[in-house]
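One-letter residues, chain by chain:
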Amino acid sequence: MRYSYQEDEVFLTADNLLAYGNKIWFTERDCNELYCLDLEEGYPKMVCKFDAEKEYQPRLFGGLIPLKEKLYAIPCAAERMYEIDTAAGEVKGIALKEPQPGGYPQYMERMKFLSGHAFNDCIYLVPTTYPAIVEYDSATGEIRYYDGWIEEIAKECNKGFFRKSCMAGEKIYMPGALGNFVLEFDVETKRHRIFRVGGEKCSYSSICRKGELFWLSPRSKGPVVMWNPHTGEWREYWDFPDNYTPCLCSFSDIVCFGDCLYCIPMYGGMLIRITDAGWMQEYPLPGNREAKDLIPCIVRDEMYLFSMTENEFLIIDLQGNCRVKKLPMPKEQERRHKKYLSETHRILTGIHEAEKSQVLYEDYQEALKEYLQFTRKKDTQEECAECGMDNGTVIYEELKRLL
């Protein structure tokens, strides 16, 4: 969420975009709330809160999965997975087994899962640092864990396993975030296979399918890779646009939109389009907007890109036209969250400790009112305390005289 001084509004920061039922569903990146954007009405509204989670824990969830008129929120930093009945407004927490201490040293509580899929009645969670693929049966409530693949890739994945994955038929394909391989997991047989994909410089942030081929986006300074799982053949694409500067976290995702593929930048600073002929082109954003920290969502014939930098949607159609849409926080939630965005509030309530001689700057008038109320209350309490001391002295002297 972000406060705009010019517009005197708080705007939502959309994370984990899901197009489902003529709406875009998303979790707020900075707090424990689920929202949806109705594509007909055009404005966002809050769906529910995850009350069992810390209210202002960043990036609680890694994704949203629809299954039989319910949504499932994948835990990233969250303590649990959640089943959301959007019609009834009910939220059900689903506890996962806590990994044994020292069993997998690279496990991080705040980076459990970033991807997941539904098949028949089951939800499958793809691990980022959690030491297992998790299967949750929504019909029976049973949870199963599959970790037979870990030892085979442990040497290559000493800091984490996977980011984004994709599903084709009954198989999930998970590209290595720190290695040049893809793990295939069959949800029916529970068997797995490991494919070597790309050269030694390859590691991947995401994967998508176009026809019979898969395309993988680089997590670091490697190439985009095309892969045929049936033949095992792969091809590296290094012909990036001239202005592209690779970095350790260049891209966060790759998606198919229209006839082209799009590499979505994390810190790479450039949105790249790949044509059918394999040409890699810079895709400029309107108004010279910075292409960084974008989150994609395909809705019919449009691609929604949420910009973490600008805190707004960039909506691109198949003809290349682009329009911008902001996500103002509903007024019912705005007043409460404004306090959290206030540095004054954080210091007065002890969330942050003020530095010596620190001058506080605020973007909205409520902070000044709160500060004045706080100091007035503090002065009153001190006056009362002083009065109490004086009165106590008078009573003591009077008692001593009488005795």
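All of these numbers come straight from a predicted model, not from anything done at the bench.

An order of β11-β12-β13-β14 is seen for the four strands of this open sheet, with the pairing classed as antiparallel. Edge positions in the sheet fall to β11 (113-119) and β14 (143-146), since each of these pairs with one other strand and no more. Across the sheet, the mean angle from the axis of one strand to that of its neighbour is 20°, orientation sign disregarded.

Counting 33 residues, the largest nonpolar core has Ile 123, Leu 125, Trp 149, Phe 162 and Met 174 as the members making the most contacts within it. For this core, the secondary-structure elements that each account for two or more residues are β7 (61-67), β8 (70-75), β11, β12 (122-127), β13 (133-137), α1 (150-153), β16 (171-175) and β17 (181-186). Ranked by residue count, the leading element in this core is β12, at five residues. In this structure, Ala 14, Tyr 35, Val 299 and Met 329 belong to the second largest nonpolar core, which totals 22 residues.

Below, the discussion takes up the sheet that holds β8. If you trace the four strands from one edge of the open sheet to the other, you get β7-β8-β9-β10, paired in antiparallel fashion. On the outer flanks of this sheet lie β7 and β10 (90-94), each paired with one strand and no other. On average, each strand axis in the sheet is tilted by 20° relative to the strand beside it, whichever way the strands run.

Another point: the pairing of strand β20 (residues 213-218). Extensive coverage of β20 is indicated by the burial of five of its six residues. Bridging between strand β19 (residues 204-210) and β20 involves six bridges; their strand directions are antiparallel. When the bridges of β20 are listed, Cys 208 appears paired with Trp 215. Where β19 hands over to β20, the hairpin turn is made up of two residues, of which Gly 211 adopts a positive phi near 65°.

On to the environment of Met 303. Mapped onto the fold, Met 303 is located in strand β28 (residues 302-307). On the basis of relative accessible area, Met 303 is assigned to the buried category, the value being 0%. Taking the C-alpha atoms as reference points, Met 303 and Phe 313, 10 residues apart in sequence, are found 9.7 Å from one another. Once you skip the residues sitting within four places of it in the chain, Met 303 turns out to touch Val 255, Phe 257, Tyr 262, Cys 297, Ile 298, Leu 314, Ile 315 and Ile 316.

Glancing now at the side chain of Thr 275. As for its position among the elements, Thr 275 is in the loop between β25 (272-274) and β26 (280-282). Contacts of Thr 275, omitting those with residues within four sequence positions, involve Cys 260 and Gln 281.

Before going further, it helps to examine the environment of Gly 176. Among the structural elements, Gly 176 can be located in the loop between β16 and β17. Using a relative accessible area of 0% as the deciding quantity, one classes Gly 176 as buried. Distance in space between the C-alpha atoms of Gly 176 and Cys 202 is 9.0 Å, their sequence separation being 26 residues. In this view, Gly 176 contacts Phe 161, Phe 162, Phe 181, Ser 203 and Tyr 204; residues no more than four positions away in its chain are not counted.

What follows is about the confidence of the model for the protein chain. Chain-level statistics for the protein chain give a pLDDT mean of 87 and a share of 83% at 70 or above. Scored below 50 in pLDDT, residues 382-389 makes zero contacts in the model with residues more than four places away or belonging to other chains.

Turning our attention to the pattern of salt bridges. As a working rule, side chains carrying opposite charge can pair if their charged atoms are close by. Taken as a whole and judged by the stated rule, the model has 20 salt bridges. The partner of Glu 7 in a salt bridge is Lys 326, with the nearest N and O atoms 2.9 Å apart. Here Glu 7 is found in the loop between β1 (2-4) and β2 (9-11), whereas its partner Lys 326 is found in the loop between β30 (322-325) and α2 (331-341), with 319 residues between them in sequence. Judged by relative accessible area, Glu 7 falls into the partly exposed class, the value being 37%. Note on Lys 326: relative accessible area 35%, which makes it partly exposed. Ionic pairing is found between Glu 334 and Lys 331, a salt bridge with its closest N-O pair at 3.4 Å. Of this pair, Glu 334 and Lys 331 are both found in helix α2, three residues apart, which corresponds to roughly one turn of the helix. Beyond isolated ion pairs, a larger network of salt bridges with shared partners links Glu 33, Lys 49, Glu 55 and Arg 336.

Under the defined criterion, the tally for this structure stands at 24 aromatic pairs. A ring pair is formed by Phe 306 and Phe 313, whose centres lie 5.4 Å apart and whose planes are at 80°; its orientation type is edge-to-face. Through a chain of ring-to-ring contacts, the aromatic side chains of Tyr 107, Phe 113, Tyr 130 and Tyr 145 assemble into a single cluster. Across the ring face of Tyr 145, the terminal group of Lys 97 is positioned such that the distance to the ring centre comes to 4.4 Å. The residue whose ring lies beneath Lys 326 is Phe 11, and the NZ or CZ to ring-centre distance is 5.3 Å.

Cut-offs and rules
- Within every chain, residues take consecutive numbers counted from 1 along the sequence as written.
- Reporting in this predicted model follows two pLDDT cut-offs: at least 70 for local features of residues, and 80 or more for side-chain atom pairs to be given and counted; totals over whole chains, interfaces and linings ignore these cut-offs and use all residues.
- Side-chain numbers here rest on the full set of heavy atoms in the structure, without hydrogens or water.
- What makes two strands pair is DSSP finding at least two bridges between them.
- Secondary structure follows DSSP: runs of H or I at least 4 residues long count as helices, runs of E at least 2 residues long count as strands, and numbering of each begins at the N terminus.
- In this description, a line fitted to the C-alpha atoms serves as the axis of each element, helices being fitted only across the stretch in contact, and the angle between N-to-C directions of two axes falls anywhere from 0 to 180 degrees.
- Here, the term nonpolar core denotes a set of buried Ala, Val, Leu, Ile, Met, Phe, Trp, Tyr and Cys residues that are joined through side-chain atoms within 4.5 Å.
- Relative accessibility decides the category of a residue: with a 1.4 Å probe and only protein chains considered, values under 20% of the type maximum give buried, values over 50% give exposed, and everything between is partly exposed.
- Between two residues, a contact is recorded if the distance between any of their heavy atoms is within 4.5 Å.
- Confidence scores labelled pLDDT are given residue by residue by the predictor and lie between 0 and 100.
- Criterion for a salt bridge: a side-chain nitrogen of Lys or Arg within 4 Å of a carboxyl oxygen of Asp or Glu.
- In this scheme Phe, Tyr and Trp rings, the latter by its six-membered ring, pair at centre separations within 6.5 Å, and the angle between planes marks the pair as stacked below 30 degrees, edge-to-face above 60, and tilted otherwise.
- Note on criteria: charge over ring means Lys NZ or Arg CZ within 6 Å of the ring centre, with the direction from the centre no more than 35 degrees off the ring normal.

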